[in-house]
Amino acid sequence: MQAAKKWTVVLLMLVLAAATALAGCSGSNKEAGGSASDGTAEGGSAQNGDGGGGSKPTLKILQTYAKHNYDTPVTDFLEQATGYKVQYDMLPQDNAQDKLNLIMSSGADYDLVKAGKQDYFRFALNGALTDLTPLIDKYGPNIKTAISEKSFDAVKVDGKIYAIPDMNTSYVGGGIMVRTDWLDKLGMKMPTTTDEFTAMLKAFKEKDPAGNGSQNIPFTISGTVPLVDGLLGAFGLYNAWNPEDGKLVNRALDSKLKDYLTYMKSLYDEGLLDKEFATNKEETADQKFTSGRAGAEYVPWYKIPNLDEALKKNVPGAEYAYIPVIAGPNGEQGYGVGQGFDWYMIVPATAKHPEDAIKYINATLEPNTFKEMYIGKEGVDYKVENGEYLPIQPAFFDDRGYSSDYTMGRDEEHFQDYWQARLRKSDAMFEAFKQINDIDDSLKKPDVLGFSTFLPKLAQDSQKLDNMVIDYSVKAIVSGVTDSGLKDFQNQWLQAGGEAVTKEVNDWYAQQQQ
């Protein structure tokens, strides 16, 4: 694939529009009213060179939208640690995709741009990016140490590397939260099977341990999550695409979807699942749990701080915990876990300082620099006890509250250990996270597509197809599951792009098995 300095020819008007696209979107100007696109950063001069003599250029980095600006202690630390001064700009909150396309097509002079998976591969395939392979070989020893060969293989296009991948954290994202004080009052243990889960909900309904009367709700969810992590695993539906007989099968076509929906329908019919779930917003379901009306709810662990505060305020003495794992009728159990990358740091083909961009990232990935950038100084921002990194409040979040936004590639071997310090923003959240993730690794089922290369049909249609599964699931739980209805839905899903996506996904999967 031939690289090009510009991959789209645009009219002069388009170029001029790009120059103003970021007006008001600067994230790093130290003085109010500073320009985000004048080529200079406020607040000081660039420090001297990298060992080769001369001065280092000010680098321009385009970030995704954030509510904060980049005038933070992390910016100052990285400037001191790397010798590079950086001007940060942000995409706007609205129409970010259009602005990014405009900027990339009009030859903006950013040295680094943070992009998502679809954008990365699209830009790479259109010759809009700098081939980083020789630059990493020459200037990136820390990059090559920090980032695994597996990660780089996942981002290669025609054998070349056009991005520094920023690996995400792989964990169970949430599960079914249960009022354990209700269980204690009823003399029941935490359920471990779908039969025991049903029995627990029946006890919540019939014995009403909180004395809610007609307001009692055994189990609530929102209409956007009829596919409940934990219960899905009990039917072998861990991820959107699951291996079966040497192929990847989407939940929409999986025979086990009918079993799952039939089980959820039985909960609904018996009054064990919230009768209003289909119209519940997430906030509505949360309020039913935190007000003391609901005995169980699907809860992502990141919601715990607010949930914990509201529940303790509304129901003093209330206790809760995640159901660790639920086994289904055939003994299947577990959770889907994500893998892959949060972001891709790319160097546009029009960048003025591609070598310095890689030198800068390499400097940030020096092991001690990365650690201090991410969690600060030991004894000031964090402490280590029993091998765990504990934040020192309030210094940790004052100094490193936004450090995740600065990563451009991660120390993959140590990152998750450092990351757990951030979970301790709330003790309740940290304990819940540990509980739901303290299960055997065999019960954590990685998303097979997490490290896939760019799959254009999947990228184009996945959201639409996923929404079709959600909408059908809600209707099936409320109105019932029939063979003819399921078949009609599957045909619609295939015709809406599912057939082409299935072929594309499995063509890729077959290559991985060779």
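Conventions and cut-offs
- Residues numbered from 1 in each chain as written.
- Predicted model: local features only at pLDDT ≥ 70, side-chain atom pairs only at ≥ 80, totals over all residues.
- Heavy atoms only, no water.
- Helix = DSSP H or I, 4+ residues; strand = E, 2+ residues; numbered from the N terminus.
- Contact = heavy atoms within 4.5 Å.
- Areas by Shrake-Rupley, 256 points an atom, 1.4 Å probe, with all protein chains shown as cover.
- Salt bridge = Lys/Arg side-chain N within 4 Å of Asp/Glu carboxyl O.
- Buried < 20%, exposed > 50% of the residue type's maximum accessible area, 1.4 Å probe, protein only.
- 1 Å grid on protein atoms, 1.4 Å probe; cavity = no way out; pocket = protein on both sides within 12 Å on 5 of 7 lines; lining within 4 Å.
- Points joined across faces, edges and corners; volume = space filled by probe spheres on them.
- Nonpolar A, V, L, I, M, F, W, Y, C, P; charged D, E, K, R; others polar.
- Phe/Tyr/Trp six-rings, centres within 6.5 Å; stacked < 30°, edge-to-face > 60°.
- Pairing = 2+ DSSP bridges.
- Axes fitted to C-alpha atoms, helices over the stretch in contact; angles between N-to-C directions.
- Core = buried A, V, L, I, M, F, W, Y, C linked by side-chain atoms within 4.5 Å.
- Polar contact = N/O pair within 3.5 Å; in protein donor to acceptor, adjacent residues only side chain to side chain.
- pLDDT = per-residue confidence, 0-100.

Regarding the overall build of the protein chain
Secondary structure assignment for the protein chain yields 19 helices and 16 strands. Across the protein chain, every contact between residues at least 6 apart in sequence was considered, and the portion connecting residues at least 24 apart equals 78%. Counting only carbon and sulfur atoms, one obtains 47% of the accessible surface of the protein chain, whose full area is about 22,900 Å².

A look at the pattern of salt bridges
Tallied over the full model, the rule gives 24 salt bridges. The residue Arg122 makes a salt bridge to Asp119 at a minimum N-O spacing of 2.5 Å. Taken together, the residues span about one helical turn, with Arg122 and Asp119 both in helix α4 (residues 117–125) at a distance of 3 residues. The class for Arg122 is partly exposed, based on a relative accessible area of 25%. For Asp286, the salt bridge identified is with Lys303, shortest N-O distance 3.0 Å. In this pair, Asp286 is assigned in helix α11 (residues 282–290) and Lys303 in the loop between β10 (296–300) and α12 (304–314), connecting sequence segments 17 residues apart. Comparing Asp286 with Lys303 shows no difference in burial state: the two are buried.

Comments concerning the layout of surface pockets
Roughly 640 Å³ of internal volume is contained in the second largest pocket. In terms of lining, the second largest pocket is formed by 26 residues, of which the most central are Tyr374, Gly401, Ser404, Trp419 and Arg422. When grouped by side-chain class, the residues that make up the lining of the second largest pocket number 14 nonpolar, 5 polar and 7 charged.

As for unusual backbone geometry
Pro394 follows Gln393 through a cis peptide bond whose omega is 0 degrees. Its location among the elements puts Pro394 in the loop between β15 (388–391) and α15 (395–400). Here Asn95, not a glycine, exhibits a phi torsion of approximately 55 degrees, which is positive. Topologically, Asn95 is positioned in the loop between β2 (86–90) and α3 (96–105). One non-glycine residue, Asn386, adopts positive backbone phi at about 55 degrees. Relative to the helices and strands, Asn386 resides in the loop between β14 (382–385) and β15. With relative accessibility at 82%, the residue Asn386 sits in the exposed group.

Overview of the packing of aromatic side chains
Applying the stated criterion to the full structure yields 30 aromatic pairs. Look at Tyr171 and Trp419: their rings are 5.1 Å apart centre to centre, the planes differ by 5 degrees, and that puts the pair in the stacked class. Taken together, the residues Tyr171 in the loop between β6 (163–167) and β7 (174–179) and Trp419 in helix α16 (residues 415–423) connect sequence positions 248 residues apart. Its relative accessible area of 10% is what places Trp419 among the buried residues. Between Tyr472 and Phe489, the aromatic rings sit 4.4 Å apart at their centres with planes inclined by 5 degrees, giving stacked as the arrangement.

What about the sheet that holds strand β1 (residues 59–63)?
Within a beta sheet, neighbouring strands are joined by backbone hydrogen bonds and run either parallel or antiparallel to one another. One open sheet accounts for 5 strands, arranged β2-β1-β3-β13-β6; its pairing is mixed. The sheet is open, and its two borders are formed by β2 and β6, each paired with just one other strand. With direction set aside, neighbouring strand axes in the sheet form an average angle of 20 degrees. The strands that α4 touches are β3 (112–115), β6 and β13 (341–346); relative to β13, the one it contacts most, it runs at about 35 degrees.

Examining the nonpolar core
Grouped together as the largest cluster of nonpolar side chains are 92 residues, with contacts concentrated most on Tyr120, Ile304 and Tyr360. The contacts of Tyr120, once residues within four sequence positions are left out, are Ala115, Leu129, Val155, Val157, Ile161, Tyr162, Ala163, Tyr344 and Ile346. Membership of the second largest hydrophobic core comes to 52 residues, among which are Trp241, Leu267, Tyr268 and Val469.

Notes on the pairing of β15
The pairing of β14 with β15 spans 4 bridges and is classified as antiparallel. By the bridge assignment for β15, Glu385 is matched with Glu388.

Re the side chain of Arg410
Examined against the element boundaries, Arg410 turns out to sit in the loop between α15 and α16. Here the side chain of Arg410 touches Thr407 through a polar contact of 3.4 Å, side chain to side chain. Dropping the residues within four chain positions of it, Arg410 is found in contact with Ala146, Ile147, Pro165, Asp166, Met167, Asn168, Thr169, Asp342, Leu365, Phe370 and Phe415.

Some words on the sheet that holds β10
The strand order across the open sheet built from 3 strands is β10-β7-β11, with neighbouring strands paired in antiparallel fashion. A single partner strand is all that each edge strand has here, and the edge strands are β10 and β11 (320–322). Pairwise comparison of adjacent strand axes, ignoring direction, gives a mean angle of 35 degrees for this sheet. Here 3 bridges tie β7 to β11, and the two strands are oriented antiparallel to one another.

Here we look at the confidence of the model for the protein chain
Of the residues in the protein chain, 89% have a pLDDT of 70 or more, and the chain-wide mean is 89. Contacts of residues 1–53 to residues separated by more than four positions or lying in other chains number 108 contacts, the stretch itself having pLDDT below 50.

Describing the side chain of Asn250
The topology assignment puts Asn250 in strand β9 (residues 247–250). For Asn250, a relative accessible area of 4% gives the class buried. At a separation of 3.4 Å, a polar atom in the side chain of Asn250 contacts the main-chain carbonyl oxygen of Ala240. Apart from residues lying up to four places away in sequence, Asn250 is in contact with Ala240, Trp241, Val469 and Trp493.

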